[in-house]
There are 2 protein chains.
Amino acid sequence: MPPTKPKSPKIPKIAVIRLALYAKHLEILHSEGVKLVSSLELADLCGVNPAQIRKDLAYFGQFGTRGLGYPVAELLAELKRIMGTDHVWRLGLVGVGNLGRALLRHTQFAEQGFVFTAAFDRNPEVVGTLVSGVKVSNAEQMKRVVRERSPFDIGVLATQPKEAQSAADRLVEAGVSAILNFTPVKLKLPAGVYVENVDFTVRLHLLCYSITHGSDVTQEHPT
Amino acid sequence: MPPTKPKSPKIPKIAVIRLALYAKHLEILHSEGVKLVSSLELADLCGVNPAQIRKDLAYFGQFGTRGLGYPVAELLAELKRIMGTDHVWRLGLVGVGNLGRALLRHTQFAEQGFVFTAAFDRNPEVVGTLVSGVKVSNAEQMKRVVRERSPFDIGVLATQPKEAQSAADRLVEAGVSAILNFTPVKLKLPAGVYVENVDFTVRLHLLCYSITHGSDVTQEHPT
DNA sequence: CGCGTTACGTGAAGGTTTTCACAAAGGGGT
DNA sequence: ACCCCTTTGTGAAAACCTTCACGTAACGCG
Ligand SMILES: NC(=O)c1ccc[n+]([C@@H]2O[C@H](COP(=O)([O-])OP(=O)(O)OC[C@H]3O[C@@H](n4cnc5c(N)ncnc54)[C@H](O)[C@@H]3O)[C@@H](O)[C@H]2O)c1
Ligand SMILES: NC(=O)c1ccc[n+]([C@@H]2O[C@H](COP(=O)([O-])OP(=O)(O)OC[C@H]3O[C@@H](n4cnc5c(N)ncnc54)[C@H](O)[C@@H]3O)[C@@H](O)[C@H]2O)c1
C-alpha cells in the first residue's frame, strides 16, 4: 500500500513549487543509479534546508524510512503522481509567431512529458504549414479541431497582446482549463481556469535593481 | 527636492518585485492622463492589498499626499529611478537559436528600455548574419567585441544547456555582472554577479498540479 | 536479541511578510 | 480660520513560512 495520507491540512503554495525542484534532482539521482537519499543530501542538491524538504513532503504523506532516508525511485514516482506529471500532458499553442515557433521547436518539453498536439494561428500564410511536426490550424476553428482531431489539456498563449484576451476566451470555449500565458496581458477568465503568467521583463527589472543597488534581490526560489 | 529618504531599513525582496508591477500600472494610468491615484485604486489594478502598496513605497520614501493619493507621473519617475529603469539598458545575447532569435525580434523589450546591442553564437553559419538589426558576432571574441564595439550591461543566456556554464563564464570575463538565464542549468558564478533564471517548465508543472487537484496554487505574485 | 546509529516526522520557536487599524496630515469649502 | 473629509504613513497584530530540536522508528551489527 502506498503510504499516502489525504492532504487535509493547508498546503503552502510555495511547497508545491519546490516539489518540482525535488523531482528534478531525484530524476538525476535516479539516472545515476542512486537508490536512497537523505533529506540532507537532497537539500544540498536543491539548495534548501533539509527540514524544509521533510516538511514539504509531510504535507502529502510519509515517504521515508527513519534511519535510512527516502527511496529515490518511489519518492520520484510519488511526487510525479502528486504533481500530476506521471503522464503526458498535451499542449495547444495559440499564436505561431517568433516565440510560438521557438516553443514548438523546443525539444526539452517532450522530455518532461509536455507535447504539443495542436497549434493555431490567424495568419493565412501560417495556417496549414507544419512546424516541428505540428500542423498549424486556423484559430477560428479551434473548438472543432480540439473536439474532432487534436484535443489538448493546456493552452499556451503567444499571440500579440491585443489578441490575447479573445484568444484566451476561445481556449476556454474549447474546454481548456489551464493556460500558460506569455503575453503581458492580465487575462480575465472564469473561475476554475488556471493561468500562469510568464513575464521575462520582470526579471530584467530585478536585475536592474540589483545592479543599481549592488545588493542581490533574487531569492532562492526555483521559478 | 525629491522626498526620498535613505533606504536604511531592510527591504523585503518581494517588495522590489512588486515595484515593477506598480510601475507597469502607473505607466498605463499615465498614458490615460490620470494625474492622481490612491493606494486603493492602484491596489485594485495590481490585485494586491492597499496597505501593501503603502508599506512597499514607504521603504523608499514618502511619495503621497494625505487625503489625495499619489501623483502618477512623479511616483512613476521615482519608481523608475529606484528600479534603475529610468535609462536604457543594453542587452547582449549569447546563443542565437530558436529562443534567442525570438528574443532579438521581440519589439516590446525596446519599449521598456531594454535594447540588444550585441549577439553571439558559435555556429559559423549564424556568425556574421544580421538578426533584427543586430549583427551576430563570434562568441569566442566576446571580450574584444564588448570592449571595442558593443558594450552591454546584461547578458542574456540562450545556448544549449551543456554550453551554458562556459558561456556564462565568458560573459563574466567580459565584465558582465548580470545574467538572464534561459537555460535549465544552475550557473556557478562569482559573488557580485546577479542571475535570474527563467524556467517555463516550472509553470507548466504548477498548472498540472492545479488541474490535478482542482485547487489554484498560483499566487498573485507578478513574476 | 538488544543496542547503537542514523535520519525521519513533527511540535514549537523563530523570522519574515501581510494585513489591520488609527493617528496625523493635507486640501478644500464655507 | 476653522472644520470636515479623505487618504497617507506606520506601529501593532495576524498570518504565514522556515528552521530548530528532539522524540521516535527502523536498520544492522556484534
Ligand atoms: N518574442 C519574444 O521573445 C517574447 C518575449 C516575451 C513576451 N512575448 C510575448 O509573446 C507574444 C508573442 O510574441 P511574438 O514575438 O511571437 O509575436 P509575433 O507577432 O511574432 O507572433 C504572434 C502570432 O500570433 C498570431 N495571432 C494573432 N492573433 C491571433 C489569434 N487571435 N489567434 C491565433 N493566432 C493569432 C499572429 O498571426 C502571429 O503569428 C506577445 O504577446 C509578446 O508580448 C514575446
Ligand atoms: N526554445 C524554447 O522555447 C526554450 C524554452 C525554454 C528554455 N529553452 C532553453 O534555451 C536554450 C536555447 O534553446 P533553443 O531552443 O534556442 O536552442 P537552439 O539549439 O536552437 O539554440 C542554441 C544556440 O546557441 C548556440 N551556441 C551553442 N553554444 C554556444 C556558445 N558557447 N556560445 C555562443 N553560442 C552558442 C548554438 O549555435 C545555437 O545557435 C536551451 O538551453 C533551452 O533549454 C528554450
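Note that the coordinates shown come from a computational prediction; the quantities given were computed from them, not determined experimentally.

Participant: What am I meant to see in the sheet that holds strand β7 (residues 154-157) of chain A here?
Facilitator: Pairing in this open sheet of seven strands is mixed, and the strands run β5-β6-β4-β3-β7-β8-β9 (chain A) from one edge to the other. If you trace the sheet from one side to the other, it starts and ends with β5 (130-131) and β9 (194-197) of chain A, each paired once. By the bridge criterion, three bridges tie β7(A) to strand β8 (residues 178-181) of chain A in an arrangement that is parallel. By the bridge assignment, A:L157 is partnered in β8(A) with A:N181. Contacts between helix α8 (residues 161-173) of chain A and the sheet are confined to β3 (89-94), β7 and β8 of chain A, with β7(A) contributing the most and set at about 165 degrees to the helix. Lying over the sheet, helix α9 (residues 200-213) of chain B contacts β3, β4 (114-121), β7, β8 and β9 of chain A, oriented at roughly 170 degrees with respect to β9(A).

Participant: So what exactly am I meant to see when it comes to the relation of the copies chain A and chain B here?
Facilitator: One copy of the chain maps onto the second through a rotation about an axis and a displacement along it. Superposition record for chain A on chain B: RMSD 0.2 Å, screw rotation 179 degrees, translation along axis 0.0 Å. Both copies of the chain, as the preceding transformation shows, are related through a two-fold rotation axis. Looking at the interface residues of chain A, 100% of them are also at the interface in chain B, so both copies use one shared face.

Participant: I tried to follow the packing of helix α1 (residues 13-31) of chain B against helix α4 (residues 72-83) of chain B on my own but got confused; where do I start?
Facilitator: A pair of packed helices is characterised by two quantities: the angle between their axes and the separation of those axes. All names here are of chain B. Interaxial distance between α1 and α4 falls to 9 Å at its minimum, and their mutual angle equals 145 degrees. Our pair here, α1 against α4, has a crossing hand that is left-handed. Contact residues: α1 offers V16, L19, A20, Y22, A23, L26, E27, L29 and H30, while α4 offers V72, A73, L75, L76, L79, K80, I82 and M83.

Participant: I would appreciate a short explanation of the protein's contact with DNA strand C in the present structure.
Facilitator: Taken together, 26 residues form the shell around DNA strand C, and within it A:S39, A:R54, A:G67, A:Y70 and B:R18 come nearest. For DNA strand C, the fraction of atoms within 4 Å of the protein that belong to sugar or phosphate moieties is 67%. Side-chain polar atom of B:N49 to a phosphate oxygen of DNA strand C: 3.3 Å apart, as the coordinates give it. One of the side-chain nitrogen or oxygen atoms of B:K55 is found 3.5 Å away from a base oxygen of DNA strand C. At the level of secondary structure, the elements contributing two or more residues to the surface near DNA strand C comprise α3 (50-58) of chain A together with α1 and α3 (50-58) of chain B. The element contributing the most residues to the surface near DNA strand C is α3(B), with four residues. Of the residues assigned to the surface near DNA strand C, the class counts are eight nonpolar, 10 polar and eight charged.

Participant: Just checking my understanding: could you explain the sheet that holds strand β9 (residues 194-197) of chain B for this structure?
Facilitator: Sheets are built from strands that pair by backbone hydrogen bonding, the pairs being arranged parallel or antiparallel. All names here are of chain B. Across the sheet, which stays open at both edges, the seven strands sit in the order β5-β6-β4-β3-β7-β8-β9 with mixed pairing between neighbours. Both edges of this open sheet fall to β5 (130-131) and β9, since each of them pairs with a single strand only. Here strand β3 (residues 89-94) runs beside strand β7 (residues 154-157); their pairing, made up of four bridges, is parallel. Paired with G92 across the strands is G155, a residue of β7.

Participant: I'm lost on unusual backbone geometry in this one. Help?
Facilitator: Trans is the prevailing form of peptide bonds, just as negative phi is the prevailing case for residues other than glycine. Residues and elements named next belong to chain A. Its identity as a non-glycine residue notwithstanding, S132 has a phi of 55 degrees, on the positive side. Position of S132 relative to the elements: it lies in the loop between β5 and β6 (134-138). Residue classification places S132 among the partly exposed positions, given a relative accessible area of 47%.

Participant: Sorry, what's going on with the confidence of the model for chain A here?
Facilitator: The predicted coordinates ought not to be read in detail in places where the model reports low pLDDT. Per-residue confidence for chain A gives a mean pLDDT of 92, with 92% of residues at or over 70. This stretch, residues 1-7 of chain A, has a pLDDT under 50; its non-local contacts, to residues over four places away or in other chains, come to 13 contacts.

Participant: Would you take a moment to explain the domain arrangement of chain A for this structure?
Facilitator: It is common to give the size of an interface as the accessible area that goes away when the parts come together. Domains assigned within chain A are domain 1 (13-83) and domain 2 (89-202). Each of domain 1 of chain A and domain 2 of chain A was reduced to a C-alpha centroid, and the two centroids are 32 Å apart.

Participant: Please clarify how the site of ligand 1 should be interpreted in this entry.
Facilitator: Near ligand 1, the surroundings consist of 25 residues, among which A:L99, A:D121, A:T159, A:Q160 and B:Q108 are the closest. The site occupied by ligand 1 is bordered by residues of chains A and B. Contacts to ligand 1 include A:V96, whose backbone N or O atom sits 3.4 Å from an oxygen atom. Within the side chain of B:Q108, a nitrogen or oxygen atom sits 2.3 Å from an oxygen atom of ligand 1. Of all the elements in the fold, those that place two or more residues in the shell around ligand 1 are α5 (98-105), β4 and α8 of chain A together with α5 (98-105) of chain B. In terms of residue count, the dominant contributor to the shell around ligand 1 is α8(A) (three residues).

Participant: Sorry if this is basic, but what is going on with the state of the cysteines here?
Facilitator: The bond known as a disulfide is covalent and runs between the sulfur atoms of two cysteines. Inspection of the entire model under this criterion finds zero disulfides over all chains. Cysteine B:C46 is unpaired, with the sulfur of A:C208 as its nearest cysteine sulfur at 19 Å.

About the cut-offs
Residues numbered from 1 in each chain as written. Chains lettered and ligands numbered in written order. Predicted model: local features only at pLDDT ≥ 70, side-chain atom pairs only at ≥ 80, totals over all residues. Heavy atoms only, no water. Pairing = 2+ DSSP bridges. Helix = DSSP H or I, 4+ residues; strand = E, 2+ residues; numbered from the N terminus. Contact = heavy atoms within 4.5 Å. Axes fitted to C-alpha atoms, helices over the stretch in contact; angles between N-to-C directions. Least-squares fit on C-alpha atoms with pLDDT ≥ 70 in both. Left-handed = near helix turned anticlockwise from the far one by under 90°. Near = heavy atom within 4 Å. Polar contact = N/O pair within 3.5 Å; in protein donor to acceptor, adjacent residues only side chain to side chain. Nonpolar A, V, L, I, M, F, W, Y, C, P; charged D, E, K, R; others polar. Buried < 20%, exposed > 50% of the residue type's maximum accessible area, 1.4 Å probe, protein only. pLDDT = per-residue confidence, 0-100. Domains from an automatic or database assignment. Disulfide = S-S within 2.5 Å.

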